[in-house]
Amino acid sequence: MIIGLSFLVMAGTLTNMLGEYLFEQRVRADRTGLEKWAVQTAPSLYSVDMDKVSDYLGQAGNELSGRVLLLDSDGKVQGDSFGEMNGTRLAFPEVASILVQGRTGDYGVHSLSGETVNTPEILLQRRAGDGWVSLCTAGIVHASQVIGVLVLVSSVNEMMQNLYMLQDNMVIIFVVVALAAILSGMVFSSVLTNPMGELTRGIQRMGRGDFSARVPEKGSGEIKQLAQAFNSMSARLESLDHSRNQFVSDASHELKTPLATMKIMIESLIYQPDMEEELRTEFLSDVNREIDRLSAIVSDLLTLVHADAHIMKLSRERMSLASVVKEAAHRLKPLTEQKGQQVFLSIEDSCDMYADKAKLEQVAYNLMENAVKYTQQGGEIRVSLVRVGKDALLTVSDNGQGISKENLDHVFERFYRVDKARSRDSGGTGLGLSIAQQIVTLHSGTIRAESEEGKGASFIVTLPLHKG
Ligand SMILES: Nc1ncnc2c1ncn2[C@@H]1O[C@H](COP(=O)(O)OP(=O)(O)OP(=O)(O)O)[C@@H](O)[C@H]1O
Ligand SMILES: [Mg+2]
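Rules used throughout
- Residues numbered from 1 in each chain as written.
- Chains lettered and ligands numbered in written order.
- Predicted model: local features only at pLDDT ≥ 70, side-chain atom pairs only at ≥ 80, totals over all residues.
- Axes fitted to C-alpha atoms, helices over the stretch in contact; angles between N-to-C directions.
- Helix = DSSP H or I, 4+ residues; strand = E, 2+ residues; numbered from the N terminus.
- Left-handed = near helix turned anticlockwise from the far one by under 90°.
- Contact = placed C-beta atoms within 7 Å.
- Nonpolar A, V, L, I, M, F, W, Y, C, P; charged D, E, K, R; others polar.
- Near = placed C-beta within 6 Å.
- Domains from an automatic or database assignment.
- Buried ≥ 20, exposed ≤ 12 C-beta atoms within 10 Å, placed from the backbone.
- Pairing = 2+ DSSP bridges.

With that out of the way, let us pick up the packing of helix 7 (residues 277-308) against helix 12 (residues 432-442). Two numbers describe how helix 7 lies on helix 12: the axes approach to 10 Å, and their chain directions differ by 35 degrees. In this structure, helix 7 crosses over helix 12, and the sense of that crossing is left-handed. For the pair formed by helix 7 and helix 12, the contact residues are Asp 300, Thr 303, Leu 304 and Ala 307 on the first element and Ser 434, Ile 435 and Gln 438 on the second. Partitioning the contact of helix 7 with helix 12 into residue classes produces 3 nonpolar, 3 polar and 1 charged.

What follows covers the site of ligand 1. Among the 24 residues in the neighbourhood of ligand 1, the closest are listed as Asn 370, Val 418, Gly 428, Gly 432 and Leu 433. When residues of the shell around ligand 1 are traced back to their parent elements, those giving at least two are helix 9 (357-373) and helix 12. Here the shell around ligand 1 is composed, by residue class, of 9 nonpolar, 12 polar and 3 charged.

Glancing now at the domain arrangement of the protein chain. Looking at the assigned domains, one finds that the protein chain contains domain 1 (2-169), domain 2 (222-308) and domain 3 (317-464). Counting residues at the interface gives 9 residues for domain 2, matched by 8 residues for domain 3. Put simply, the parts of the chain that give the side of domain 2 that touches domain 3 at least two residues each are helix 6 (222-271) and helix 7. Looking at which element gives the most residues to the side of domain 2 that touches domain 3, the answer is helix 7, with 6 residues. Taken together, the residues of the side of domain 2 that touches domain 3 break down into 4 nonpolar, 1 polar and 4 charged.

Inspection of the secondary structure puts Ile 3 in helix 1 (residues 2-46). By the C-beta count within 10 Å, which is 14 here, Ile 3 ends up partly exposed. On a C-alpha basis, the gap between Ile 3 and Ala 180 in space is 10.0 Å, while along the polypeptide they are 177 residues apart. With sequence-adjacent residues up to four places away left out, Ile 3 is seen in contact with Val 177 and Ala 181.

This paragraph deals with the sheet that holds strand 7 (residues 342-347). Strand-to-strand pairing in sheets goes through backbone hydrogen bonds, with the strands running parallel or antiparallel. A sheet is described by the order of its strands in space; here 5 strands give the open sequence 7-9-10-12-11, paired in mixed fashion. Edge strands, defined here as strands with exactly one partner in the open sheet, are strand 7 and strand 11 (446-451). In this sheet, adjacent strand axes meet at a mean angle of 10 degrees when their direction is disregarded. Inspection of the sheet shows strand 9 (residues 380-388) paired to strand 10 (residues 391-398) by 8 bridges, in the antiparallel sense. Bridged to Val 383 within strand 10 is Val 396. Taken strand by strand, helix 8 (residues 321-338) contacts strand 7, strand 9 and strand 10, and its axis lies near 175 degrees from that of strand 7. The sheet contacts of helix 9 involve strand 9, strand 10 and strand 12 (457-464), and relative to strand 10 the element is tilted by about 20 degrees.

Structure (structure tokens):
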């Protein structure tokens, strides 16, 4: 509408300006011509030489291409180049402005169409053609007295027609421009508002907790980028929501198992009061072991929850990674001896770094504990620590059962156990590797697993020595 209206205002101004320009030239020509004849006619009119006057009027009419009338000081026609209107009183404003207001000349344009039959315009119309006439007047002055008025009536029909045509064309162009503006405005706004609407609906769905909400990535530019950003955000939220639910259900499941075992044993103790002392002690120590297991799981869960909430803090200190690895190996000694396994430690560098000693020891312990757990009696475990450039490289390898290719991709996932039944027997919850991964990542390091099924597994940790 704004575009259309401004166009209309512009078109109106332009038509006006053009009209003024065209008329200015015409008025100037008519006025100079008529004034000349007014001067010329004055003496004859004064001396009432009416033959001469009508002769002049005829000449003036020819010269100025119009009808020339001479009015006396009362506004009555005293001469007419067409010889028709003598005696008629013409009360045009252009005449009045000379006789009443005392001006020397005037100019006006009159429409002849739609006038009643008896008006003077109709009389003029007979020769001037239908439509528009211009009236140019000039006072006839003698001895500073206005003794009459010369009136030039000429057709401005063609000029007015041209102006009207121009105006009509402008209106048509205005309508076309306005329609085009409205249409393109509608198209543009729908292009802009549709994706916005879809985004809003998507956000509202997400607000209601539906993380599967996605919006079409249409168009180009910022709107598309916005849609892409929204989709990747909702995909991330959906996966976070899914893993959170999974985590809660896995954790509950893990906690339920030891609780169920404990409940059975305690019930046996309650309902069999005459149970042998030896059996009772065995039951109680089983309950005790389950409690240990529960508290180990709970502390692992807490570690992961802290890592998720980004509140797992590292208490860094100057430390030697070599001594951390040795300490972990030392702690596992009873277990390896029990399984008759051989541990080969190859530590080439002390790998001093500024890091969280307790957490890195947990990483080394988790990896070595896995190697011990998932390797048969009498197996071999190799632990090596070397410095490679600016990194410390810790490798824990064994010659145990190994991990198949499809399982290898998942071992770092929470609660993931390759052999669910067997791992539970050996006390695994499936959290050790994901905790190790979190700790290593927090130290800006990497951890990966390599394995061939049946031929053992290797876990390789890289830790930057000069970070933090
Ligand atoms: N050295 C290894 N050899 C073979 N399989 C392994 C080895 N290390 C880990 N795995 C497999 O990866 C799974 C995940 O290991 P992770 O340490 O996360 O859990 P877990 O040992 O079962 O339990 P947790 O460590 O929490 O007590 C294990 O259950 C096991 O199936
Ligand atoms: Mg483990």
